[in-house]
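# Observations on the three-dimensional arrangement
This is what each chain is made of:
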Amino acid sequence: MLADPRKGVVWSFVLAGAAARWLIALAFDADALETLVGGALHPITFLAFFAMLAALVTGLMLRRFAQVRGDLLEGRDLIARWSVDEKAFLAFAPKAVADDADQKRLALMLVFGFVAVIFGGVAVYDPDVAVPMLAAAAALCLVVTLAWAIGARVTARHWRWRGGEALIGRRGLMFNGVLHVWAAPLSWLESARLLGDPPRLRVSYAYWNPRAGPQRVDVEIPVPAPARAEARRAAAALAKS
């Protein structure tokens with residue numbers, strides 16, 4: 001992530017507090033709230049409860065991200081540190097963006113395939129529901145395509161020059177201002193390897209997505225010649241963990 005997670009922590013707890021206020025007010029004077037909102041009382045309460053839970057979980061997760069980020073920036077729990085000059089960074093960036101785009105494009109095509117098989121199969125099996133099923137499929141494809149486009153823009157933004165500093169820690173890393181954390185609930189480190197041509201450190205970690213299962217993230221960081229020893233030490237230390 002590129003944004004400062006501390007801001008996300010604040011907004012998550014603000015949202016959780018707002019939802020909690022509704023639940024507290026409900027406990028003290030449910031009749032007054034029912035008079036105010038009528039039949040919407042139960043749906044609002046349901047949404048408030050789950051919004052509070054989601055905001056608390058998100059806030060605690062972002063708090064962990066903020067702790068890892070702070071440790072990296074202040075040099076605590078740091079394994080290796082180096083900088084990539086602007087020329088090397090800009091030479092590496094197009095390949096990284098292209099590789100990420102290929103992976104996302106493949107995932108998009110797979111989603112389209114599943115949607116076509118599932119929704120199309122139901123429409124063929126039961127022609128009476130063909131129109132709403134195909135409309136739902138089109139809406140789902142539109143949402144997925146928008147998410148894919150937003151993801152591509154985020155990746156391009158990550159690969160804009162911001163100093164090129166690499167901070168490698170045991171719980172996460174930062175490169176060019178972008179934070180990656182694997183020491184968080186439902187996340188784990190998979191591998192760390194030093195690759196050549198061009199020299200780069202590849203760190204792979206994964207996290208559990210409730211809707212899609214394990215999601216893998218590969219982070220590649222260019223390694224200039226003076227930083228080879230640092231990169232080897234980082235790869236060895238992360239491999240042990």
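Details of the structure are given in the entry above.
My aim in this report is to walk through the structure given alongside it, one point at a time. (Residues numbered from 1 in each chain as written. Predicted model: local features only at pLDDT ≥ 70, side-chain atom pairs only at ≥ 80, totals over all residues. Heavy atoms only, no water.)

## Considering a nonpolar patch on the surface
Taken together, the side chains of F46, L47, F49, F50 and L53 present a nonpolar region at the surface, about 510 Å² in accessible area. Relative to the assigned elements, L53 resides in helix 3 (residues 41-73). (Patch = residues over 30% accessible without salt bridge, like charges linked within 9 Å, V, L, I, M, F, W, Y side chains within 5 Å. Areas by Shrake-Rupley, 256 points an atom, 1.4 Å probe, with all protein chains shown as cover. Salt bridge = Lys/Arg side-chain N within 4 Å of Asp/Glu carboxyl O. Helix = DSSP H or I, 4+ residues; strand = E, 2+ residues; numbered from the N terminus.)

## Structural notes on helix 1 (residues 5-28)
The end-to-end C-alpha distance of helix 1 is 35 Å, a good match for the 34 Å that 24 residues give at a rise of 1.5 Å each. For helix 1, the set of buried residues is P5, V9, S12, A16, A19 and W22. In this structure, the buried residues of helix 1 make contact with helix 2 (30-37), helix 3 and strand 4 (178-181). (Expected span 1.5 Å × (residues − 1). Buried < 20%, exposed > 50% of the residue type's maximum accessible area, 1.4 Å probe, protein only. Contact = heavy atoms within 4.5 Å.)

## Here's the deal with the sheet that holds strand 5 (residues 187-195)
Reading across the sheet, the three strands line up as 5-6-7 and stay open at both edges, with antiparallel pairing between neighbours. The open sheet has two free edges, formed respectively by strand 5 and strand 7 (213-222), since each of these has just one partner strand. The sheet shows a mean angle of 20° between the axes of neighbouring strands, direction not considered. Relative to strand 6 (residues 200-209), strand 5 runs antiparallel, the two being bridged by eight bridges. If you follow L195 over to strand 6, its bridge partner there is R200. Where helix 6 (residues 228-240) meets the sheet, its contacts fall on strand 5 and strand 6, and the angle it forms with strand 5 comes to roughly 145°. (Pairing = 2+ DSSP bridges. Axes fitted to C-alpha atoms, helices over the stretch in contact; angles between N-to-C directions.)

## A closer look at the nonpolar core
Counting residues in each nonpolar core, the largest one holds 27 residues, and the members touching the most others are W82, I168, L173, F175, L201 and I221. Among the elements that make up this core, the one with the highest residue count is helix 6 (five residues). Not counting chain neighbours up to four residues away, the residues in contact with F175 comprise V84, F89, W159, G164, E165, A166, E220, I221 and P222. (Core = buried A, V, L, I, M, F, W, Y, C linked by side-chain atoms within 4.5 Å.)

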